[in-house]
Amino acid sequence: MEKKTDLRVVKTKKRIKQVFLELIEKKELKKITVTEIARIAEINKGTFYLHYKDIYELFAEVLKERISDCVDNISYFDEFFSDPEAFLFHLYYEFQESKGIRADEMIYREDNSRGSMIVGLFCDAIMSRIYEQKLIEKNEENDIKLEYIFTNIFRFFRAESSELKYPILSKLIVSDIRTAFPEAFE
């Protein structure tokens, strides 16, 4: 039998996250306190600690949800192997134009040490969707290849953009995809 989540718990966690997102837009992660969240959310500090160990656990949950939402809204995963140029273009355009896919910006601007964690979360979410296409086997070797490709993609997307940079780097990345997964292009 499936255990139902109490509606009060759902509402409380939603309010905590809402307050956290409001605060992270105004200040650095390290300057946000449980006391401040509790006061604004109109809960006791103890209630916060019933749901989260600390601010960083809340941050991780919020970030994972935002990344998951971004990746779930990507509709062109089938292009990764059928047309990697189009896949990369669509992903690049979405990354540049959409606030949703730039969920990492909410903290990256203040704390570069978390940048690699964020890239890792994006990579994991996107890799799961690539495997759903069932064009390659999920194994350690393919995990390494995909992580390499998507880490490079997101580092490229985050870098200063120029007219010359996109064509050169996109060719390199597409070449990496085709070289790493020749069986998917046969």
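These figures come from a predicted structure and were not determined experimentally.

1. A closer look at the confidence of the model for the protein
Taken residue by residue, the protein gives an average pLDDT of 84. The fraction at 70 or more is 84%. By mean pLDDT, helix H7 (residues 105-108) is the weakest element of the protein at 45, and helix H2 (residues 34-41) is the strongest at 97. In this model residues 99-111 is a low-confidence stretch, pLDDT under 50, and it forms 35 contacts with partners more than four residues away in sequence or in other chains.

2. Side note on the packing of helix H1 (residues 7-24) against H2
At a minimum axis distance of 9 Å, the contact between H1 and H2 shows a crossing angle of 115°. Taken as a pair, H1 and H2 cross one another with a handedness that is right-handed. Of the residues in H2, those in contact with Arg 15, Ile 16, Val 19, Phe 20 and Leu 23 of H1 are Glu 36, Ile 37, Ile 40 and Ala 41.

3. Section: the pattern of salt bridges
Applying the stated criterion across every chain, the model contains eleven salt bridges. The partner of Arg 129 in a salt bridge is Glu 132, with the nearest N and O atoms 3.4 Å apart. Placement of the pair is Arg 129 and Glu 132 together in helix H8 (residues 115-132), with a separation of three residues, close to one helical turn. Exposure remark for Arg 129: the relative accessible area of 18% places this residue in the buried category. A relative accessible area of 52% places Glu 132 in the exposed class. We note a salt bridge from Glu 141 to Lys 145, for which the minimum N-O separation is 3.0 Å. Taken together, the residues span about one helical turn, with Glu 141 and Lys 145 both in helix H9 (residues 140-158) at a distance of four residues. With a relative accessible area of 51%, Glu 141 lands in the exposed category. We classify Lys 145 as partly exposed; its relative accessible area is 21%. In the salt-bridge network here, residues are joined through shared partners; they are Lys 13, Lys 17, Glu 61 and Glu 65.

4. Observations concerning unusual backbone geometry
In this model, Glu 42 sits at a positive phi of 60°, which is unusual for a non-glycine residue. Mapped onto the elements, Glu 42 comes out in the loop between H2 and helix H3 (45-51). Unlike most non-glycine residues, Lys 134 shows phi in positive territory, near 60°. Its location among the elements puts Lys 134 in the loop between H8 and H9.

5. Topic: a nonpolar patch on the surface
Side chains of Leu 164, Ile 168 and Leu 172 sit close together on the surface and give an oily, nonpolar patch of about 310 Å² of accessible area. Assignment of secondary structure puts Leu 164 in the loop between H9 and helix H10 (165-180).

6. Considerations on H9
Given 3.6 residues to a turn, an α-helix orients residues that are three or four positions apart in the same direction. With 19 residues, H9 should cover 27 Å at 1.5 Å per step; its first-to-last C-alpha distance of 27 Å lies within 8% of that length. Residues Asn 142, Leu 146, Ile 149, Phe 150, Thr 151, Ile 153, Phe 154, Phe 156 and Phe 157 constitute the buried set of H9. Two or three places before Glu 141, at the start of H9, stands the capping residue Asn 139, its side-chain oxygen 3.2 Å from that residue's backbone nitrogen.

7. Quick notes on the packing of aromatic side chains
For any two aromatic rings, the description comes down to two numbers: the centre-to-centre distance and the angle of the planes. Per the stated rule, a full pass over the model turns up 14 aromatic pairs. Measuring from centroid to centroid gives 6.0 Å for Phe 77 and Phe 87, while their planes differ by 45°, and the two rings are tilted. Of this pair, Phe 77 sits in the loop between helix H4 (55-72) and helix H5 (79-82) while Phe 87 sits in helix H6 (residues 84-97), and the two are ten residues apart along the sequence. Residue classification places Phe 77 among the buried positions, given a relative accessible area of 2%. Take Phe 87: its relative accessible area is 0%, and that puts it in the buried class. Here the aromatic rings of Phe 122 and Phe 154 are separated by 5.1 Å at their centres, their planes lie at 25°, and the arrangement is stacked. Placement of the pair is Phe 122 in helix H8 and Phe 154 in helix H9, with a sequence separation of 32 residues. This pair shows no difference in class: Phe 122 is buried, exactly as Phe 154 is. Feature note: the residues Tyr 76, Phe 77, Phe 80, Phe 81, Phe 87, Phe 150, Phe 181 and Phe 185 constitute an aromatic cluster, connected by ring pairs.

Analysis parameters
Residues numbered from 1 in each chain as written. Predicted model: local features only at pLDDT ≥ 70, side-chain atom pairs only at ≥ 80, totals over all residues. Heavy atoms only, no water. pLDDT = per-residue confidence, 0-100. Helix = DSSP H or I, 4+ residues; strand = E, 2+ residues; numbered from the N terminus. Contact = heavy atoms within 4.5 Å. Axes fitted to C-alpha atoms, helices over the stretch in contact; angles between N-to-C directions. Left-handed = near helix turned anticlockwise from the far one by under 90°. Salt bridge = Lys/Arg side-chain N within 4 Å of Asp/Glu carboxyl O. Buried < 20%, exposed > 50% of the residue type's maximum accessible area, 1.4 Å probe, protein only. Patch = residues over 30% accessible without salt bridge, like charges linked within 9 Å, V, L, I, M, F, W, Y side chains within 5 Å. Areas by Shrake-Rupley, 256 points an atom, 1.4 Å probe, with all protein chains shown as cover. Expected span 1.5 Å × (residues − 1). Polar contact = N/O pair within 3.5 Å; in protein donor to acceptor, adjacent residues only side chain to side chain. Phe/Tyr/Trp six-rings, centres within 6.5 Å; stacked < 30°, edge-to-face > 60°.

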